[in-house]
Amino acid sequence: MNNTVDRSEELKKIHERWFVDCECELKNIATQPVPGDGNSSSEIVFIGEAPGKEEDKQGRPFVGAAGKFLAEMLETIKLKREEIYITNIVKYRPPNNRDPLPEEKDACRAWLIEELNFINPKLIVFLGRHSMNDFFPNEKISAVHGKLLIKKFKNIKTKHFLPLYHPAAALYNGGMRETLIEDFKKIPKILEKIENKEKEEIKIEQIKLF
Ligand code: URA
């Protein structure tokens, strides 16, 4: 068995454990849990808000209209959906697609942190203000969309974060749609910048050792 298969099996087990252990109240009314999905060794993880109707039905994140738009934007930067990893802050659909409540976000947080640290991506992309504000409560999406945020959180290994508008909000709003597409195109350069920075940091560490 190769390493990728091993890793995705291990991640599947993490999700299966949380299907039982997650104490989110939405569990009682949703059709099923919607765990993160995609490449368990991805360099980028996208985080949305919560599953919608189609996601609740299929048990996979971003499979409705917003997901189709996301897949189109991924193509513009030569990435396929299967090559990256997509998840949500909250793993169960809130009724009538209302915003998730703080206690629902809290109940799903340990699951999110565990999947993020398992994948350990170079870059976390927030899809929309809800997902960004869960990590950066004081930032405004209108001010920081498309800008790289760097922060060392105590419980997360990844240090680089990119907030973007949510594809569902931008889908039918001309100006926001153009901005999101333009911000999306910055992802490859941002990844390159992070990789170069990490190489520099390794060099500095090695110099310190010898
Ligand atoms: N919107 C989200 O935030 N997440 C999904 O999975 C689908 C739509």
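Computed from a predicted model, the values in this text were never measured in an experiment.

(A) Broad picture of the side chain of arginine 81. Residue placement: arginine 81 occurs in the loop between helix H3 (65-76) and strand E3 (85-88). Within polar-contact distance, the side chain of arginine 81 engages the backbone oxygen of proline 61 at 2.6 Å. Aside from chain neighbours lying at most four places away, what touches arginine 81 is Asp37, Arg60, Pro61, Phe62, Val63, Leu74 and Ile86.

(B) How the structure looks around the packing of aromatic side chains. This model, assessed by the stated rule, comprises twelve aromatic pairs. Consider the rings of phenylalanine 135 and phenylalanine 161, whose centres lie 6.1 Å apart with planes at 40 degrees: the pair is tilted. With phenylalanine 135 in helix H5 (residues 129-135) and phenylalanine 161 in strand E6 (residues 160-164), this residue pair connects regions lying 26 residues apart in the sequence. The burial state of phenylalanine 135 is the same as that of phenylalanine 161; both residues are buried. Judged by centre distance (5.5 Å) and plane angle (75 degrees), the ring pair of phenylalanine 136 and phenylalanine 161 falls under edge-to-face. Of this pair, phenylalanine 136 sits in the loop between H5 and helix H6 (141-144) while phenylalanine 161 sits in strand E6; the two residues are 25 residues apart in sequence, bridging distant segments of the chain. Among the aromatic residues, ring-to-ring pairing joins Phe126, Phe135, Phe136, Phe153 and Phe161 into one connected group. Over the ring of phenylalanine 118 we find arginine 7; its NZ or CZ atom is 4.3 Å from the centre of that ring. The ring of tryptophan 111 has lysine 91 sitting right over it, with the charged end atom 5.7 Å from the ring centre.

(C) How the structure looks around the pairing of strand E4 (residues 123-127). In terms of burial, E4 is largely enclosed, as five of its five residues are buried. In terms of strand pairing, strand E2 (residues 44-48) meets E4 through four bridges, oriented parallel. Counted as the bridge partner of phenylalanine 46 is valine 125 from E4.

(D) Quick look at unusual backbone geometry. Even without glycine at this site, asparagine 97 takes up a positive phi of about 60 degrees. Its place among the elements puts asparagine 97 in the loop between E3 and helix H4 (102-119). Take asparagine 97: its relative accessible area is 45%, and that puts it in the partly exposed class. Phi at asparagine 120 takes a positive value of approximately 50 degrees, unusual for a residue other than glycine. Residue placement: asparagine 120 occurs in the loop between H4 and E4.

Conventions we followed
Residues numbered from 1 in each chain as written. Predicted model: local features only at pLDDT ≥ 70, side-chain atom pairs only at ≥ 80, totals over all residues. Heavy atoms only, no water. Helix = DSSP H or I, 4+ residues; strand = E, 2+ residues; numbered from the N terminus. Polar contact = N/O pair within 3.5 Å; in protein donor to acceptor, adjacent residues only side chain to side chain. Contact = heavy atoms within 4.5 Å. Phe/Tyr/Trp six-rings, centres within 6.5 Å; stacked < 30°, edge-to-face > 60°. Buried < 20%, exposed > 50% of the residue type's maximum accessible area, 1.4 Å probe, protein only. Lys NZ or Arg CZ within 6 Å of the ring centre and 35° of its normal. Pairing = 2+ DSSP bridges.

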